[in-house]
Every structure is written in C-alpha cells, then in structure tokens.
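Coordinate analysis (summary)
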Amino acid sequence: MPETIERVPIKLKVNGKSRAVSVEPRTLLVELLREGLDLTGTHVGCDTTYCGACTVLMNGAAVKSCTIYAVQADDAEIVTVEGLEIDGQLHPIQKAFGESYGLQCGYCTPGLLLSTYQLLSSNKQPNDKEIRKAIAGNTCRCTGYQNIFKAIRLAAQNTKGT
Amino acid sequence: MPMLGSSASTLPRPKPCLESYARSQAVKSNRRPNLSSKSAQSPPCSKIRDYPLAISTALYQGEPVAAIVAESPSLAEDAAELIQVEYESLEPVLDAEQALEDKSILHQEMGTNKVWNGVFEYGDVDKSFQEAAYVVHIDRLHFHRFSSTPLENNVVIAEWNPKDDHIYYSCNNSFPSFAIQFLAAHLTVHIDRIRVQTADIGGSFGIKITNYPQMAVCALASKKSGGRPIKWVETRSEHMTSSAHGNERTFRDTRVALDKDGVITAIASRHIDDCGAYPRYEPLGCVIWSQVFPGVYQFKNARIDFTQAVTNKCPVGPNRGYSRMQHLWFLERVVDICAHEIGIPADEMRLRNYIQPEEFPYTTPNGCVYDSGNYPKMLEIAKQLIGWDGWKKKQAELRKEGRLIGIGIGTTLDSGTNNFGQSQIVNPGAPFSGNSQGANCKLDIYGEVVVAVGSCPQGQGHETTAAQVVADVLSISPDLISVRTGFDTERNVHTGFSGTYASQFAVSGLSAVHGAAQKLKTEMKRLAAFVLETKEDDLEFSTGAQGPEVRANSTGKSINYWGLANIVNVNSAVLPPELHEITLNCRYIWRAPFKVPDKQKKYGNLTLTYASQLHIAVVEVDRETFIPKILDYVAVDDCGTVINPPIVEGQVYGATAHGIGAALLENCVYDAVGNMLTSTFSDYTPITALNMPTVRYGHIETPSPHSYSGAKGMGEGGAAPIHTISAALQDALFSNGIIIEDSFNNADTLFRAVVGREIYQADKLVKLDRRV
C-alpha cells in the first residue's frame, strides 16, 4: 500500500451541472457518484457488470458505472436517475413505470429507467424483442420483468413525438 | 463513516493457525459472542459455538475470519489484503448423506454432523403397502441449493453508545424482532436498548433474516471504536458465499403405494436436508415443510424420516418458499413418475389425487387445516389458458420429427401465517408458539390519520394495502392516510414475530391494522357522540367540506378529524372524566388462533392460510445443444379474496421468475474440495429479461374462512415453476429413459443424461411393482 494516495483532478458534467473533483485513480464512477457527489439513486448490485443497478448515461450511452473508472468520465456528460425529472415533474418513463407497477423493491429501477431512456432515444417504437434486448443487462429480482415490459411499452407510447 | 471490511476464508474448511493483522486493526471481542441459541436450537446442535468471526476453524469458503474498520471501503480492502492467514486444510464434507456417516465431524462440541432427526408417521403405512395395486420405488431425488439473491446486498450501520450501552441499528434485516432476540442475549445488552430501524429494503425473499452475525460484528466494532457508527456494505461475492442459501434436500428410498386407479394411498421416504455449516434459523426447516405434508393430495398414510446435517457449505436461511418448496417439488415428482409408470396422463393423475373442493376446510394427516381451495378448477383454467389440447396435438406432431417437447403441470401451496408452536416439534424446549402482529392507528394532533405497522416491506405494497384497510374502516380516501412502514422498535408496534417473511402480511399485518383502525373508530364515535350531543348509532363517517368528519344524521352537525384530535391532545379540559381514557392513539395486537401442536405425535395446525398455485409450462429441449427453452407458460393463482389485484399479480410474476431462474439457471455450485464456483452474478446468472418467458396469468378466489377479509398470504408462491419445469422436462424425455432426478436442469445436465447416460437413468432410479 503506498504511503500517500495519488489523486487525479477531473471535470465532468453531471445532470447538467459542471463538477470539478479529484479522485483516486482506482475510484469507480459509481463510487464518485454515490460517495463523492451524494447521488445515491445509482445503486450497486453485483460489482461485476451483470445486474445494471449502477446504469447511468455517459455521453448519451447507457453504461454500468461499477465498471468505469471515474477518471474515464473526465470531460464526460453524465445523467443519473436524479437528472431524469423535468421541472420537478417525473419523466414520462418514470411515470410509466409507476402506472404499470413496473417496480417492487425499486432497487433496480434507476438503472432500468436509464436503459429505457437510451432505448427510446434511438427507437421510438421498440418491439418486444428490442425491449428485452435493451434491458438484458438490467437484473430485476422482484417483478419477473412482465410489468417492466408493460412500462416500457407505455413509456414508448407516452414519449412518442418528444 | 468508518467502513467495515472483512477477510473471508479462501479455502473450504481451513483452520487458521496464524493471524497477522499487520497494520490493520482487527475486531476481536473479549466476550466472543456465540450466536447459537438454546431457544432456537435443540440438542445436540445447541452445543455449537457459532461465532460471528471464526475463532480457530473456518467451516466454509467465505466464512469471515477477521474484520477491519477503515475510513472507506477501499482502504478496508487494502488492509484486508495485509491479513495473512495460514490455513491447514481439512477434508471437506460437502454432501449431507456423507456428513451423516460422521467420518469427519464439523463441530467437535456437537460430536456428530446430525442436526436433527425425526419420523413423521400418520395412518397405517404398512397396511397400505400390503394392499397396494402398484408400488413405485424411487431411489433418489435431489433438490438443489439456490438463493433468490436480493439485488441489494446486506447492509448494517451500528452505533454502540458507550454512555448508556444503547445500540442503534439502521439495517435491512427483514425479521428484526427475531435478530434482536439473538443479539441482546449474546451482546449481553438489554433488549430494550437495541433500537433497529429499517427503511425501504432492496428485496430480501427471506435471505436477509440471518445477517445477525454481521450485525453483531458491526456493534462490537462500534463499541471498540468508542461508539462511532460503523457501516458494513456486503459485496456480492460475500453475499453469494456467506449470507445464506436455500435448503438443499435429498430424498432417498421413496416408496409409493397406489390403488388400481392410480390413487396414491401411502408414501414412505427418507429426507436428508443440508443446512450448511451452521444451523442458524435451523433446525426449524425440519418441521416447516410439514405445513404442506400431503401437498395438494388426498393420501392419508405416510412415513417420512427426516434428518438434517451440517456440511462445509454456506449456512442456509429461509429462502422464498422456505422448506415447503423442497417437499412440494418432491411430491410433484412422485406424482409424475407414478403417473408415467402406471400409464395415466399427468392431468388425469392429478384430478384423481387432488383434495376435492367440497372437502375444505380439509384436515391433513398431521393436523393442518387447509382453509379453502379448488385445485381442479385451477387446472381447468390453466389448461384453457395454455391451450392444452392444441399443445398436445402439436407435441405429438413435433415428436414425430424427433423434437423433444414436454408439457408439465405443477400444483403447489403457499402456506402463510405460521404457528411458531411447530418449533417445539423440533425443539421441545423452544419458548415459541402462535403468531402475532402489531399495528397502531391514531389521529395525530392536527387530525392526520397515521398508521404504523411492524413489518419491513420490500415492495410488497404494505403502505398501499394498509391504507386501503383503514380507509375502508373510516370511509375516507386512502390518500388521506399516512402509513409509517419500515420497522422501528421505538414505534412500539412490534411483537416478537414482527417482520416481513412467510407469506403473512395480508393476514397478520392487515388484521392488526384492521383491529387498530376499528379501535380508533370506536373511540372517535364515543368522542363525537359527546361533542355532537347524540347517540353513537346516529353517527356517520364521511368526508365533508372540511375534510374527513363524523356527522350526526339527526341534526346534520359534524366534527372533523382536526376537531376530535384537538380535544384529546390540546383541549382536554372540555372532556368529562368518563372520556379521559380516549387517546385516539390505538395499538392493537392481532393474535392467530393457534394451539400448541402435539409434540409427540407431531400433530396440529401449523399454518393459518393456504394459497395455491397451478402452473403449466411447455418446454423444448434442443436436440443439438440440449438447451431447455420455455415455449409457453401459464400461472394460475388462488390467494383467497384479492385485496389489491396489481400487487397480487406482481407477486405472482416475481415468484414465477424466481422459480424459473432456480429451475434452469441458478445453482450454488461447489467443486470437489468446497470452493464455491458461483460466487459472482456472472457465474450464478440470475434470470434476465432475455430468458424470462411471457407469463399468462389467471386466478380464482376461494375466500379463506381463517382471515377477517378472506385473504391469504401469497408472497412466496410455492416455487411452482421448479415443479412445473421438472415435470415438462420429464414429459419431454421420458421416452429417452430419463427421470428428472434433480430440481436444477440446464444444457449440461440434460446432455449428460440423454447422451452421456451418466445421470437420470430411469432403469436405475425407478422400479414399478405391479400387483394387479
């Protein structure tokens, strides 16, 4: 173990706000978000890139923040679940999950919302196969996915044309 | 906040003989709390010393041997790497049957690996076999080890205040009233000085009941640090190797007696349960299964010799369907194998053996009272939903092409609200019986309706349903009711059974809420009658221009909730002495109407309600890859009167995913020397959106006469998919001389069975003795 721990300055934009922080090179993006920036809506479920509870958007792409170093996010634009609200109102995707009973314990939900966001950004009318593929990297242990499929279909309908 | 990291044993059954803590500070308590309990465990396993950190011998890979406190998790991990432990490796015991040979004893103080043994015998078994038209012998069946792995791992924050020995816990334990009973005794702290709070919990499925060893370590670490709060956030690998797995069970030497029509008249069998290295919630599982002793079937005669053993694997804990699903899977395997051997279709075999609708309430051979149900009707609905005749026709056509298509039925039970008196069957000295739940319903100072419950929900909708119940009692909108959920000892609404487990909130939790709301309503009536100068039967509860109110029909005068609360809380001089007992703050404890079971005969009502599930699956085994694929899936549920349809449907889907995952993907695998090979999600592969089929849902309602609302607990789901998929695979592969011997099946096992002929061979596993 080194006597002093090196820290690296990075700049990034998180939910539209510019942040300048210094991090240890080994700090994971999820650790920075949760511990450094107090954005605890991003969760850790598996530590090995399987479950997707830590999914955030990095430059528009859904990524698993447990497998990305914070230094890799230098100059990046990050959106977490806290950034989904629009003018204090839930995002239509969030509303659709609520209305479709697409969550139970809610631990996986932030990651699923962001994977859905990415899906609907590039595909306004996904079919069932595309929906399943888009959230294949998001594990939910409560819902059996059925109501999540319904939620994403509803979100697609509600965000059509936006 | 300082973080706790741990160093876990890396070898199965290692014996640490040198501990070098280098620059790290290890937590070593002088008192060394032993977390086994004479209340929970019976001799000989009550002699086991179950320390939260291994003292001289570690018994399974992943068992914590040291704990480190640091300012961050990464620093704690750095320090953990500096701990050097030299292990002397001992011969691991990984199979429960092998463990019972006692060639290598895990717990010297116990002197045996046998945790518990008992014979559950009812009716006249020997006579039934003498008179049988058919006797089917099944050599071995095996229910595998898996865990429902909540997505949020275990988390504990503990703060031991050195000034008054008060311990504060913020954690996600899902049965805190049980945990504090262990912790208070072994940390030698008065139970009233342990405060436990839970908030929203990221799933438990029972697995978070047994994290009290880590809760003990956190408290001791806090004490050692002078009272600083200590946080422990479990990693996924820690969770997989050392939190809790579901019980593994082997069924040996099963004999089934049937009459000439294929009606089962008796079953005799030996069941061996593997509880891992330490019996924690155990040996309770040695009796819990008998809540569903005959499953959904009519047979009256049975002899089950049940034994539990320790092995060098992760300790088990209650896992969704705890101890009953293993037995229900066994019964469904028996029914399908017998049907095939005798030549009766699987659906017809069930209809001949089901308990019939007119027989409810039905008393089982061991004294349990099944409240209500209609299994033939559920089968009929499920067959309609799946398109049974169409699939049968298609199956016959595809089989001609050599395709391996199977259609399987699984009928199961979800017994809820258990009688803790059954613990006395495995431990006659256990001071537990009955079941209870607490709730509080009050008008706060400004007239807000506030409800508190002793449960710790994880998305089961307790807030929603509790508000519904109170709203019904007071005739107001559920939106006007604040429900305080999450467990908190200082709310004073818990009993020793409070928590969220064992499919019971709809009955125990909501009965307590209902009782508290009724008490409040009674007090509100008395008070309103005094204020409005009328009789109580003249009053009506409704919502007026000034919010919820109580109105006198005769005069039209009313008082709203603020007015009532004002009088009691801040304007009490207007109250006459005879109304001083009114508090508008009503605590109610609901108690289940149970008796203590007969310990000798192992007889009594062990559970209050019996929800049932009937699933049908169509599965194809790929002829090239042997990958099993679900082509169609139907789930029909009966949980009595449905309180909230989307919640019930959501629970059914969730339990179905757990079952399908367990049947095809999720298996806790150990190698020959006890290394856990599935210690990450990448290896354990929880079910995803890609391999979860579309589930078609149906339901019936047979109201329970045992609950005030007719509802039954239903959260566990009875693991119906495991039975159903085993049945479908069996149907697909019978003609290949295969018996589905194990509850876990993937391409590898099916290939080894069909091509390798290494396992599952019908000629070795099953024998039919035809006497007609």
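Thresholds applied
Residues numbered from 1 in each chain as written. Chains lettered and ligands numbered in written order. Predicted model: local features only at pLDDT ≥ 70, side-chain atom pairs only at ≥ 80, totals over all residues. Heavy atoms only, no water. Helix = DSSP H or I, 4+ residues; strand = E, 2+ residues; numbered from the N terminus. Rg over C-alpha atoms; globule rule 2.2 N^0.38 Å. Buried < 20%, exposed > 50% of the residue type's maximum accessible area, 1.4 Å probe, protein only. Contact = heavy atoms within 4.5 Å. Domains from an automatic or database assignment. Buried area = accessible area lost by both parts, 1.4 Å probe. Salt bridge = Lys/Arg side-chain N within 4 Å of Asp/Glu carboxyl O. Polar contact = N/O pair within 3.5 Å; in protein donor to acceptor, adjacent residues only side chain to side chain. Disulfide = S-S within 2.5 Å. Axes fitted to C-alpha atoms, helices over the stretch in contact; angles between N-to-C directions. Parallel < 35°, antiparallel > 145°, perpendicular 65-115°, else oblique. Left-handed = near helix turned anticlockwise from the far one by under 90°. Nonpolar A, V, L, I, M, F, W, Y, C, P; charged D, E, K, R; others polar. Phe/Tyr/Trp six-rings, centres within 6.5 Å; stacked < 30°, edge-to-face > 60°. Lys NZ or Arg CZ within 6 Å of the ring centre and 35° of its normal. Pairing = 2+ DSSP bridges. pLDDT = per-residue confidence, 0-100. Patch = residues over 30% accessible without salt bridge, like charges linked within 9 Å, V, L, I, M, F, W, Y side chains within 5 Å. Areas by Shrake-Rupley, 256 points an atom, 1.4 Å probe, with all protein chains shown as cover. Core = buried A, V, L, I, M, F, W, Y, C linked by side-chain atoms within 4.5 Å. Expected span 1.5 Å × (residues − 1). Lys, Arg positive; Asp, Glu negative; His and termini not counted. Charge placed at Lys NZ, Arg CZ, Asp CG, Glu CD.

Secondary structure summary: chain B contains 20 helices and 27 strands in total. A compact globule built from 772 residues would reach a C-alpha radius of gyration of about 28 Å, and chain B, at 28 Å, matches this within 12%. In chain B, which comprises 772 residues, the share counted as buried stands at 65%. The long-range fraction of contacts in chain B, counting pairs at least 24 apart against all pairs at least 6 apart in sequence, stands at 79%.

Once that is clear, we can look at the domain arrangement of chain B. Residues and elements named next belong to chain B. Parsing chain B into structural domains produces domain 1 (3-90 + 154-233), domain 2 (118-147 + 245-420 + 598-770) and domain 3 (436-591). Just the C-alpha atoms count here: the centres of domain 1 and domain 3 sit 40 Å apart. Taken together, the contact pairs 19 residues of domain 1 with 16 residues of domain 3. In total, about 1,200 Å² of surface goes out of reach between domain 1 and domain 3, with carbon and sulfur atoms giving 51% of it. Joining domain 1 to domain 3, the criterion identifies two salt bridges. Taken together, the connections running from domain 1 to domain 3 amount to nine residue pairs in polar contact (both at pLDDT 80 or more).

This part is about the state of the cysteines. Residue and element names in this part refer to chain B. Going through the model one piece at a time under the given rule, you end up with zero disulfides over all chains. Between Cys368, a cysteine without a disulfide, and Cys286, which holds the nearest cysteine sulfur, the sulfur-to-sulfur distance is 16 Å. There is no disulfide at Cys441, and the cysteine sulfur nearest it, in Cys586, is 7.2 Å away. Its relative accessible area of 0% is what places Cys441 among the buried residues.

Moving on to the packing of helix H2 (residues 92-99) of chain A against helix H5 (residues 146-158) of chain A. All names here are of chain A. At a minimum axis distance of 8 Å, the contact between H2 and H5 shows a crossing angle of 140 degrees. The pairing of H2 with H5 is recorded here as oblique in orientation. Here the hand of the crossing between H2 and H5 comes out right-handed. From H2, Ile93, Ala96, Phe97 and Glu99 reach across to H5, where they touch Ile148, Ala151, Ile152, Leu154 and Ala155. Grouping the amino acids of the contact of H2 with H5 by side-chain chemistry returns eight nonpolar, no polar and one charged.

Take the packing of aromatic side chains next. All names here are of chain B. Going through the model one piece at a time under the given rule, you end up with 28 aromatic pairs over all chains. The ring of Phe129 carries Arg255 above its face, with NZ or CZ at 4.1 Å from the centroid. For the cation-ring pair, Lys602 lies above Phe120, with the distance from its terminal atom to the ring centre recorded as 5.4 Å.

Through backbone hydrogen bonds, the strands of a sheet pair up, either in parallel or in antiparallel fashion. All names here are of chain B. Spatially, S16-S24-S25-S26 is the arrangement adopted by the four strands of the open sheet, whose pairing is mixed. In the strand order of this sheet, the two ends are held by strand S16 (404-418) and strand S26 (696-699), each with one partner. Geometrically, the sheet is characterised by an average inter-axis angle of 20 degrees between neighbouring strands, direction not taken into account. By the bridge criterion, four bridges tie strand S25 (residues 628-638) to S26 in an arrangement that is parallel. By the bridge assignment for S26, Asp637 is matched with His699. In this fold helix H18 (residues 720-733) packs onto S16, strand S24 (607-621) and S25, with an angle of close to 160 degrees to the strand it touches most, S16.

Moving on to unusual backbone geometry. A cis amide bond links Glu282(B) to the next residue, Pro283(B), at an omega of 10 degrees. The residue Pro283(B) is located in the loop between strand S12 (264-274) and helix H7 (285-288) in this model. Put simply, Phe360(B) and Pro361(B) share a cis peptide bond, and its omega is -10 degrees. Of note, the phi angle at Tyr145(A) is positive, near 70 degrees, even though the residue is not glycine. Tracing the backbone shows Tyr145(A) in the loop between helix H4 (128-134) and H5. In this model, Tyr760(B) sits at a positive phi of 65 degrees, which is unusual for a non-glycine residue. With respect to the helices and strands, Tyr760(B) occurs in the loop between helix H19 (747-754) and helix H20 (762-765).

Looking now at the interface of chain B and chain A. Taken together, the contacts link 42 residues of chain B with 31 residues of chain A. Taken over both partners, the interface formed by chain B and chain A buries close to 3,000 Å², and the fraction arising from carbon and sulfur atoms is 55%. Counting the surface chain B buries against chain A, the share from its top three residues, Leu151(B), Tyr653(B) and Ala689(B), is 21%. Between the two partners, chain B and chain A, sit three salt bridges.

Attention now goes to the confidence of the model for chain B. Averaged over all residues, the pLDDT of chain B equals 94, while 96% of them reach at least 70. Every residue in residues 14-31 of chain B scores below 50 in pLDDT, and together they form 55 contacts with partners more than four places removed in sequence or on other chains.

What follows deals with a nonpolar patch on the surface. Residues and elements named next belong to chain B. On the surface, Ile445, Tyr446, Trp562 and Val570 cluster together to form a nonpolar patch covering roughly 470 Å² of accessible area. The residue Trp562 is located in helix H15 (residues 561-570) in this model. A relative accessible area of 45% means that Trp562 is categorised as partly exposed.

Residues and elements named next belong to chain B. With respect to the helices and strands, the residue Ser423 is situated in helix H12 (residues 423-426). Among the polar contacts listed, one links the side chain of Ser423 to the backbone oxygen of Phe420, at a separation of 2.6 Å. Excluding anything up to four places from it in sequence, Ser423 contacts Leu284, Ala430 and Phe432.

Okay, the domain arrangement of chain A next. Often, the extent of an interface is quoted as the loss of accessible area on bringing the components together. Residues and elements named next belong to chain A. Splitting chain A by domain gives domain 1 (8-81) and domain 2 (92-158). Taken over C-alpha atoms, the centre of domain 1 sits 21 Å from the centre of domain 2. Together, the buried faces of domain 1 and domain 2 total about 1,100 Å²; carbon and sulfur atoms form 58% of this surface. Of all residues in domain 1, His43, Leu57 and Val81 give up the largest surface area on contact with domain 2, accounting jointly for 37% of the area buried on that side. Our count for the domain 1 to domain 2 interface comes out at zero salt bridges. Elements that contribute at least two residues to the side of domain 1 that touches domain 2 include exactly strand S3 (55-58) and strand S4 (61-64). Its residues assigned to classes, the side of domain 1 that touches domain 2 comprises 10 nonpolar, seven polar and one charged.

Another aspect to go through is the nonpolar core. Residues and elements named next belong to chain B. Counting 210 residues, the largest nonpolar core has Phe120, Tyr169 and Leu187 as its most contacted members. Looking at this core, the element that brings in the most residues is helix H8 (residues 324-342), giving 11 residues. Every residue in contact with Tyr169, bar those within four places of it in the chain, is listed here: Val156, Ile157, Ala158, Leu183, Leu187, Ile194, Arg195, Val196, Gln197, Met215, Ala216 and Ala219.

The terminal C-alpha atoms of helix H16 (residues 645-664) of chain B, which comprises 20 residues, lie 29 Å apart, in line with the 28 Å expected from a rise of 1.5 Å per residue. For H16(B), the tally of buried residues reaches 17 of 20 residues, placing the bulk of the element in the interior.

Moving on to the pattern of salt bridges. Residue and element names in this part refer to chain B. On inspection of all chains with the given rule, the structure shows 42 salt bridges over all chains. Taking the shortest distance from any N to any O, the salt bridge between Lys103 and Glu101 comes out at 3.3 Å. One salt-bridge network, held together by shared partners, links Arg145, Glu248, Asp274 and Lys313.

Turning next to a negative patch on the surface. Together, Glu31(A), Glu35(A), Asp38(A), Asp47(A), Glu82(A), Glu77(B) and Glu81(B) make up a region of like negative charge exposed at the surface. Among the structural elements, Glu77(B) can be located in helix H1 (residues 73-82). By relative accessible area, Glu77(B) is classed as partly exposed at 48%.

Residue and element names in this part refer to chain B. In this fold, Ala346 is placed in helix H9 (residues 346-353). Taking the relative accessible area as the measure of exposure, Ala346 reaches 25% and is therefore partly exposed. The spacing of Ala346 and Pro361 is 15 residues in sequence and 26 Å in space, taken between C-alpha atoms. When neighbours within four sequence positions are excluded, Ala346 is seen to be in contact with Asp336 and Ile409.

What follows deals with the packing of helix H3 (residues 109-122) of chain A against H5(A). Residues and elements named next belong to chain A. Where H3 meets H5, the closest approach of the two axes is 11 Å, and the angle between their N-to-C directions is 40 degrees. Between H3 and H5, the angle is such that the two are oblique. In this structure, H3 crosses over H5, and the sense of that crossing is right-handed. For the pair formed by H3 and H5, the contact residues are Leu112, Thr116, Leu119 and Leu120 on the first element and Ile148, Ile152, Ala155 and Ala156 on the second. Here the contact of H3 with H5 is built from residues that sort into seven nonpolar, one polar and no charged.

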